[in-house]
Amino acid sequence: MMDRYAVIGNPIAHSKSPRIHAAFAAAEQQALHYEALLAPLDGFVVTVDTFRQQGGRGLNVTVPFKLEAFDYARQHGTLTARAELAGAVNTLRFDGAQVLGDNTDGVGLVHDLQHNLACPLSGKRVLLLGAGGAARGALLPLWQAQPAALWIANRTADKAVHLARLLNQPAVEGCGYPDLDGQHFDVVINASSSSLGAETLPLPAGLFAPDALAYDMMYADTPTAFLLQARSLGASRVADGLGMLLEQAAEAFLLWRGVRPDTAPVRSLLRPTPLWMN
Ligand code: NDP
């Protein structure tokens with residue numbers, strides 16, 4: 001029988017993960033089966049247990065179950081350091097009775113920035129907007145890329161201050177949007193869900209340094225509200241989160257199968273023409 005994997009969420013029909021992992025498996029000549037698993041909102045644990053009993057080897061976890069997946073891994077197994085700091089799990093691996101919980105979102109983001117977008121973070125001033133699950137997952141991998149400064153700004157400033165304290169480094173600052181006045185950054189990452197509601201953010205003029213890159217974790221078939229705003233504020237380069245989605249998937253594949261697939265062919269499958277002419 002082929003090894004079974006799935007993405008678990010609610011809703012799940014829209015997920016691109018089955019297409020991504022099928023393409024990875026074909027490219028790497030790995031015989032595996034990958035499906036979309038709809039769990040009832042109050043039935044995450046039962047659905048995971050049943051999947052494991054049926055021989056399931058691994059899960060990608062998406063909205064709204066990343067916190068429950070964290071609790072599941074903490075109760076039944078172990079967590080990676082980056083999952084521990086994120087307080088959320090997006091990848092589960094099952095080896096018999098053993099469970100490993102990981103978070104590949106942040107490392108996927110950093111890989112997309114540094115490798116696909118040729119934007120090294122070392123020595124750069126980096127700003128993370130938002131302080132929810134996605135921001136929290138990005139925190140440690142961003143810091144490990146050795147930026148000169150890492151600021152976190154959030155609508156509810158206290159949450160950004162709290163996140164910054166988790167890293168406990170002098171170059172890491174948490175604040176509200178008004179505190180961004182007079183600051184400038186080389187890389188500005190939108191990890192808030194503002195673009196979901198097509199809303200702009202209260203960003204000051206001069207926020208983007210010369211040659212700055214604006215990155216929206218949200219991805220869509222058309223440019224997001226944040227990227228349009230960033231362009232109007234003078235960001236020279238912009239990118240959305242499709243690359244992050246692909247890279248977090250490649251990291252999960254690596255955790256399960258021991259090989260990291262090339263994401264470029266799958267990117268051209270999902271987005272044959274570039275969204276932006278940078
Ligand atoms: P959460 O619900 O955990 O957090 C939402 C955050 O957005 C909070 O900080 C909230 O601020 C802020 N926010 C919401 N609306 C607004 C607004 N109108 N103006 C300013 N701030 C706002 O969401 P997640 O962290 O899980 O997800 C955030 C985004 O990241 C989503 O767009 C999601 O699609 C994307 N994402 C992309 C991934 C990828 O692979 N590309 C992976 C994971 C997430 P406050 O605290 O004040 O409420």
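Per chain, residue numbering runs from 1 following the sequence as it is written. Reporting of local features is limited, given that this is a predicted model, to residues whose pLDDT is at least 70; pairs of side-chain atoms are given and counted only at 80 or more, and all residues count toward the totals for whole chains, interfaces and linings. As a convention, hydrogens and water are excluded, and side-chain values are obtained from all of the structure's heavy atoms.

1. Remarks on the environment of G130
Counting from the N terminus, the helices are DSSP H or I runs at least four residues long and the strands are E runs at least two residues long. In this fold, G130 is placed in the loop between β7 (125–129) and α6 (133–144). G130 sits 20 residues away from L150 along the chain, and the two C-alpha atoms are 13 Å apart. When neighbours within four sequence positions are excluded, G130 is seen to be in contact with A135, I152, A153, N154, Y177, A191 and S192. Two residues qualify as a contact provided that any one of their heavy atoms is within 4.5 Å of a heavy atom in the partner residue.

2. Looking at unusual backbone geometry
Along the chain, N10 connects to P11 via a cis peptide bond; the corresponding omega equals 5 degrees. Relative to the assigned elements, P11 resides in the loop between β1 (3–9) and α1 (17–27). Following V63, the chain continues to P64 via a peptide bond in cis, the omega torsion being 5 degrees. The residue P64 is located in the loop between β3 (56–61) and α3 (66–76) in this model. Positive phi outside glycine occurs at Q29, with the angle close to 50 degrees.

3. With respect to the site of the ligand
Only heavy atoms are used to decide nearness, and a residue is near a molecule or strand if one of them lies within 4 Å of it. Around the ligand there are 23 residues in total, and A131, A134, N154, T156 and K159 lie nearest to it. Whenever two N or O atoms come within 3.5 Å, that pair is a polar contact, provided that in protein one can donate a hydrogen and the other can accept it, and provided that, for residues adjacent in sequence, both atoms are side-chain atoms. Residue R155 places a side-chain N or O atom 2.9 Å away from an oxygen atom belonging to the ligand. Within the backbone of S193, one N or O atom sits 3.0 Å away from an oxygen atom of the ligand. For the area figures, the Shrake-Rupley method with a 1.4 Å probe applies, and any residue is considered shielded solely by the protein chains shown. Relative to its unbound accessible surface of 940 Å², the ligand loses 77% to contact with the protein. Three categories are distinguished: nonpolar for Ala, Val, Leu, Ile, Met, Phe, Trp, Tyr, Cys and Pro, charged for Asp, Glu, Lys and Arg, and polar for the others, with Gly belonging to the last. Partitioned by chemical class, the residues of the shell around the ligand number 10 nonpolar, 9 polar and 4 charged.

4. As for helix α2 (residues 44–53)
Relative accessibility under 20% of the residue-type maximum defines a buried residue, over 50% an exposed one, and the middle range a partly exposed one, all with a 1.4 Å probe and only protein chains included. F44, T47, V48 and F51 are the residues of α2 that are buried. Looking straight down α2, one finds that the buried residues subtend no more than 95 degrees of arc, so they occupy a single side. Across α2 from its buried face, at more than 90 degrees, point the exposed residues V46 and Q53. The positive-phi residue at the C-terminal boundary of α2 is G55, with phi of around 95 degrees. Working note: the arc is built from the helix axis to C-beta atom directions.

5. Structural notes on the pairing of strand β9 (residues 172–175)
Each regular strand shows side chains that alternate between the opposite faces of the sheet. Paired strands are those between which DSSP finds at least two bridges. The pairing of strand β8 (residues 149–153) with β9 spans 4 bridges and is classified as parallel. For W151, the partnering residue across the bridge sits in β9 and is E173. In this view, the connection linking β8 to its parallel neighbour β9 by way of helix α7 (residues 157–167) has right-handed handedness. A clockwise course of the path from the first strand over the helix to the second, judged with the strands pointing away from the viewer, identifies a crossover as right-handed.

6. Considerations on the sheet that holds β8
Read across the sheet, 6 strands follow the order β9-β8-β7-β10-β11-β12 without closing on themselves; strand pairing throughout is parallel. Unpaired on one side and paired on the other, β9 and β12 (237–240) mark the two borders of the sheet. Direction aside, the axes of adjacent strands within the sheet are offset by 15 degrees on average. For β7 and strand β10 (residues 185–190), the ladder comprises 4 bridges, and the chain directions are parallel. Here the axes come from fitting lines to C-alpha atoms, over the contacting stretch only for helices, and the angles between their N-to-C directions go from 0 to 180 degrees.

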